[in-house]
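# Structure assessment
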Protein chains: 2
Amino acid sequence: MERILVTYHLSAPAGAPQSALAARAESIAVEQSIEMPLSAVREQRVLDDYVGRVESVTPLAPGLHCVKIALSAGTLCDDPGQLMNMLFGNTSLQPDVELVDVELGPAVMAAFPGPRFGIAGLRQLTGASGRTLTCSALKPQGSSPARLAAIARSLALAGIDIIKDDHGIADQAYAPFAERVKAVQAAVAGANRETGGRTLYAPSLSGGPSRLAAQAAVLRDEGAGLALIAPMIVGLPAFAELVATLGVPVLAHPALGGAARIAPPLLIGRLFRLFGADAVIYPNHGGRFSYTPQTCRDIAAAARGAWGHVRPALPVPAGGMSLERVPEMLDFYGKDTALLIGGGLLAAKDALQDRARDFVTAVARAI
Amino acid sequence: MERILVTYHLSAPAGAPQSALAARAESIAVEQSIEMPLSAVREQRVLDDYVGRVESVTPLAPGLHCVKIALSAGTLCDDPGQLMNMLFGNTSLQPDVELVDVELGPAVMAAFPGPRFGIAGLRQLTGASGRTLTCSALKPQGSSPARLAAIARSLALAGIDIIKDDHGIADQAYAPFAERVKAVQAAVAGANRETGGRTLYAPSLSGGPSRLAAQAAVLRDEGAGLALIAPMIVGLPAFAELVATLGVPVLAHPALGGAARIAPPLLIGRLFRLFGADAVIYPNHGGRFSYTPQTCRDIAAAARGAWGHVRPALPVPAGGMSLERVPEMLDFYGKDTALLIGGGLLAAKDALQDRARDFVTAVARAI
């Protein structure tokens, strides 16, 4: 029976005896597998094949321990939800445990195709080869489709590679999804015709399965070239199912994903990618959010590192970035990245197109 | 423009100046609304109608502050995902903030029907009137449909009101969903015919929208009377959409819900209920989990308290409960509750039916 190896970080009072740590690790292994006392199990094959096994408990720092548990791959299905359930379902309710990493065996890996386009596909679609990509956002919340389309036109004329809806823009009365996507995509397509560019627009898709399907149909009808989806908002199983049939690359947004006690490089970098994200947006260090440089480096590495058949996904650091930081970000992340500047461009108001062009130039200059 | 009032708890260094707290509260209000610098906003109506407003910042304890922010109801849609997105999407990425509570206005409330059955509906379907309900679980992971059906038969013969799949049981090779639900429901229906009882079986539904729809069809075809769903695993929008058409009451399971920095009474008690859960399972204090008695009391109050048109949902405390604790739990929760004992009954092995009957008797005796 194939096993998957899950790494947790366990907090315990400094000086806790090894026996207490071993017992706590054992309780996690049972919780994440058969979820009942071993003494109540009646079949030997359940004990052999399905009970989680503690592989190691090693100290990391005073009060912090690394626990590795081998879970049975037999308890999984080809469903991201069930994978999350077995990795962390009930243990997520325990404040002393963080889910840090997982090694999946071939049978589990085969169930998840990963990104359909990946970095290479995004480069091909945007025509951005051999350089970092540029990305910006349509804001603010409350704007009409016409206003968002005007912003999109300016950004596309400036040569931004990817223009995404702000992740809070959904299907509100002031900018209904179908009307907005039609207006913005027309503006982007128009600008592309004028410049010969290949700017892609990523509408934000949201809602339950029916609404998501209807929005996907609009996206296709209007010819939008990308989609923005927040996997933790729509749910990982719905995300994976949508991605499988969407026909365009998907940018994953981390909304609601940071609250989970799951290490960001695992959740945003590896799992979003495994479940089909072609690009992963995340808060860069030094902006409005508090991720450290090391966390950001680890997210980027997790998103684009070699991983079996799973195509590399494009890291998209964001969250309060500015034009001034472009050289430093280029240096930090290298070329297989998209830099996302939203508000920092929009703050130029009437000079939006000029500032967006400065952004494009600053990135191009670094080739 | 209707506003919703959101309560966050904000951690800050003890002695942080009021100006720093006010600025941090302001940044949350912007992050959860228009997500860009106010100075970059070009339309006055966006500033007036859509930017979040800090209503108050009050000290709770050294280093902990209560921040109340009024968000525009206009940024919402009739979608649980978008509600979560605006309540906590990006701010979930900030470790210093906990989402604690929300007051929704009439326009938002009207978008969410809440439980279709609620406590009264569950009492009617099970025939359990004027007393606490009893609930147990089918385990362990790895068991065949026949074995799970045998356990279900014993529990149903003993008169348990609700029998649910263990939440980790999905659509695995050793117990495929359709085969399992058929076998277990037949066993429960057979026992009901013998006893004249009305035990309900809740299969665990999981997966993406297609698999969920297929499983819902099986549930209906086989005549199972309930469903178990983990909203944070399938995603809140998919949960709400499924609940709307399922035709049977839904037990919400908290898997993956505890990791979020969202207060459990809000997430499990109020939001799961608002999105359609007829009963909410949660870890009781003093078992395998670490919720305090006060948290458990607050979850129960949130689940069953009066709340506009939203029917009360049944609190189902669980997680390592035992027969010995029944009197104390009855005393703590009162009658509008279901007590869930899983492993504690199964540990009786061959005497499962007797121990389950002791559970039923202990609860009945308390009338």
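Residues numbered from 1 in each chain as written. Chains lettered and ligands numbered in written order. Predicted model: local features only at pLDDT ≥ 70, side-chain atom pairs only at ≥ 80, totals over all residues. Heavy atoms only, no water.

## Notes on the domain arrangement of chain A
Often, the extent of an interface is quoted as the loss of accessible area upon association of its parts. Residues and elements named next belong to chain A. The following threshold applies: Here the limits of each domain have been adopted from an automatic or database domain assignment. Whether two residues touch is decided by their heavy atoms; if any such pair falls within 4.5 Å, the residues are in contact. What counts as buried area is the accessible surface, traced by a 1.4 Å probe, that two parts surrender upon association, with contributions from both included. We define a salt bridge as a side-chain nitrogen of Lys or Arg found within 4 Å of a carboxyl oxygen belonging to Asp or Glu.
Under the domain assignment used here, chain A contains domain 1 (3-109) and domain 2 (118-365). Its C-alpha centre places domain 1 at a distance of 35 Å from the equivalent point of domain 2. Of the residues lining the interface, 19 residues belong to domain 1; the matching set on domain 2 comes to 15 residues. Summed over both partners, the interface of domain 1 with domain 2 buries about 1,300 Å², with 71% contributed by carbon and sulfur atoms. When the buried area of domain 1 at its contact with domain 2 is split by residue, Pro80, Met84 and Met109 rank highest and sum to 41% of it. Joining domain 1 to domain 2, the criterion identifies 1 salt bridge.

## Regarding the packing of helix 6 (residues 145-157) of chain A against helix 7 (residues 177-195) of chain A
Residues and elements named next belong to chain A. Defined as follows: Angles run from 0 to 180 degrees between N-to-C directions of axes, and those axes are lines fitted to C-alpha atoms, restricted for helices to the stretch in contact. A run of DSSP states H or I qualifies as a helix once it reaches four residues; a run of E qualifies as a strand once it reaches two. Both are numbered from the N-terminal end. For this classification, under 35 degrees means roughly parallel, over 145 means roughly antiparallel, 65 to 115 means roughly perpendicular, and everything else is oblique. The sense of a crossing depends on the near helix, which, turned anticlockwise from the far helix by less than a right angle, makes the crossing left-handed and, turned clockwise, makes it right-handed. For this classification, the nonpolar set comprises Ala, Val, Leu, Ile, Met, Phe, Trp, Tyr, Cys and Pro, the charged set comprises Asp, Glu, Lys and Arg, and every other residue, Gly included, is treated as polar.
In contact at an axis separation of 8 Å, helix 6 and helix 7 are set at 25 degrees when each is read in the N-to-C sense. Regarding the angle of helix 6 to helix 7, the classification is roughly parallel. Regarding helix 6 and helix 7, the two cross each other, and that crossing is right-handed. Contacts from Pro145, Leu148, Ala149, Ala152, Arg153, Ala156 and Leu157 of helix 6 reach helix 7 at Glu179, Arg180, Ala183, Val184, Ala187, Val188, Ala191, Glu194 and Thr195. A per-class count over the contact of helix 6 with helix 7 returns 11 nonpolar, 1 polar and 4 charged.

## Comments concerning the sheet that holds strand 7 (residues 200-202) of chain B
Residues and elements named next belong to chain B. Threshold: Strand pairing is assigned whenever DSSP identifies at least 2 bridges connecting the two strands.
Read from one edge to the other, the open sheet built from 4 strands follows the order 7-6-5-12, with strand pairing classed as parallel. Of all the strands in the sheet, just strand 7 and strand 12 (338-340) have a single pairing partner and so form its edges. The mean angle between the axes of side-by-side strands here comes to 25 degrees, regardless of whether they run parallel or antiparallel. Of the pairings in the sheet, the one linking strand 6 (residues 162-165) to strand 7 comprises 3 bridges and is parallel in character. The partner of isoleucine 163 across the bridge, within strand 7, is tyrosine 201. Packing of helix 7 (residues 177-195) onto the sheet brings it into contact with strand 5 (133-138), strand 6 and strand 7, and relative to strand 7 it is tilted by some 165 degrees. Along the sheet, helix 15 (residues 352-365) contacts strand 5 and strand 12; its crossing angle with strand 5, the most-contacted strand, is approximately 160 degrees.

## Brief notes about the side chain of arginine 123 of chain A
Residues and elements named next belong to chain A. Rule in force here: Note on classification: 1.4 Å probe, protein chains only; a residue is buried when its accessible area is under 20% of the maximum for its type, exposed when over 50%, partly exposed between these limits. We define a polar contact as two N or O atoms separated by no more than 3.5 Å, with the added condition that, inside protein, one atom must be a possible hydrogen donor and the other a possible acceptor, whereas residues neighbouring each other in sequence contribute only through side-chain atom pairs.
Structurally, the position occupied by arginine 123 is in helix 5 (residues 118-126). In this structure arginine 123 comes out as buried when scored by relative accessible area, which is 14%. From its side chain, arginine 123 meets the backbone oxygen of arginine 131 in a polar contact 2.6 Å long. Residues within four places of arginine 123 in sequence aside, it is in contact with Ala128, Ser129, Gly130, Arg131, Leu133, Lys335 and Asp336.

## Notes on the relation of the copies chain B and chain A
Both copies of the chain are related by one operation, a rotation about an axis with a shift along it. To keep things clear, this is the line we draw: Least-squares superposition aligns the copies on the C-alpha atoms of those residues with pLDDT at or above 70 in both.
The two copies are related by a screw motion: chain B maps onto chain A through a turn of 180 degrees and a shift of 0.0 Å along the axis, at an RMSD of 0.0 Å. These values place the two chain copies in the arrangement generated by a two-fold rotation axis. For chain B, the smallest separation between a C-alpha atom and the rotation axis is recorded for glycine 235 of chain B, amounting to 1.8 Å. Of all interface residues in chain B, 100% are interface residues in chain A too; the two copies therefore contact each other through one and the same surface.

## A look at the pattern of salt bridges
Inspection of the entire model under this criterion finds 36 salt bridges over all chains. A salt bridge links glutamate 222 of chain A to lysine 182 of chain A, with the nearest nitrogen and oxygen atoms 3.9 Å apart. Taken as a pair, glutamate 222 of chain A in helix 8 (residues 209-222) and lysine 182 of chain A in helix 7 lie far apart in primary sequence, 40 residues in all. Relative accessible area serves as the criterion here: at 27%, glutamate 222 of chain A is assigned to the partly exposed category. Ionic pairing is found between arginine 325 of chain B and glutamate 328 of chain B, a salt bridge with its closest N-O pair at 2.8 Å. Judged by relative accessible area, which is 33%, glutamate 328 of chain B ranks as partly exposed. Ionic contacts of the salt-bridge type, sharing partners, join the residues Glu31 and Glu35 of chain A together with Lys139, Asp166 and Arg288 of chain B into one network.

## A look at the interface of chain B and chain A
The interface is formed by 77 residues belonging to chain B together with 77 residues belonging to chain A. Of the roughly 6,400 Å² buried between chain B and chain A, counting both surfaces, carbon and sulfur atoms make up 54%. Of all residues in chain B, Arg42, Leu93 and Leu256 of chain B bury the most surface against chain A, accounting for 10% of the area lost on that side. The interface formed by chain B and chain A includes 12 salt bridges. Note that aspartate 78 of chain A is salt-bridged to arginine 211 of chain B, the shortest N-O span being 2.8 Å. The interface formed by chain B and chain A includes 30 residue pairs in polar contact (both at pLDDT 80 or more). At the level of elements, helix 2 (44-49), helix 3 (80-88), helix 8 (209-222), helix 9 (231-234), helix 10 (236-246) and helix 14 (343-346) of chain B are the ones that each hand at least two residues to the side of chain B that touches chain A. With 6 residues, helix 3 of chain B is the single largest residue contributor to the side of chain B that touches chain A. Here the side of chain B that touches chain A is composed, by residue class, of 32 nonpolar, 28 polar and 17 charged.

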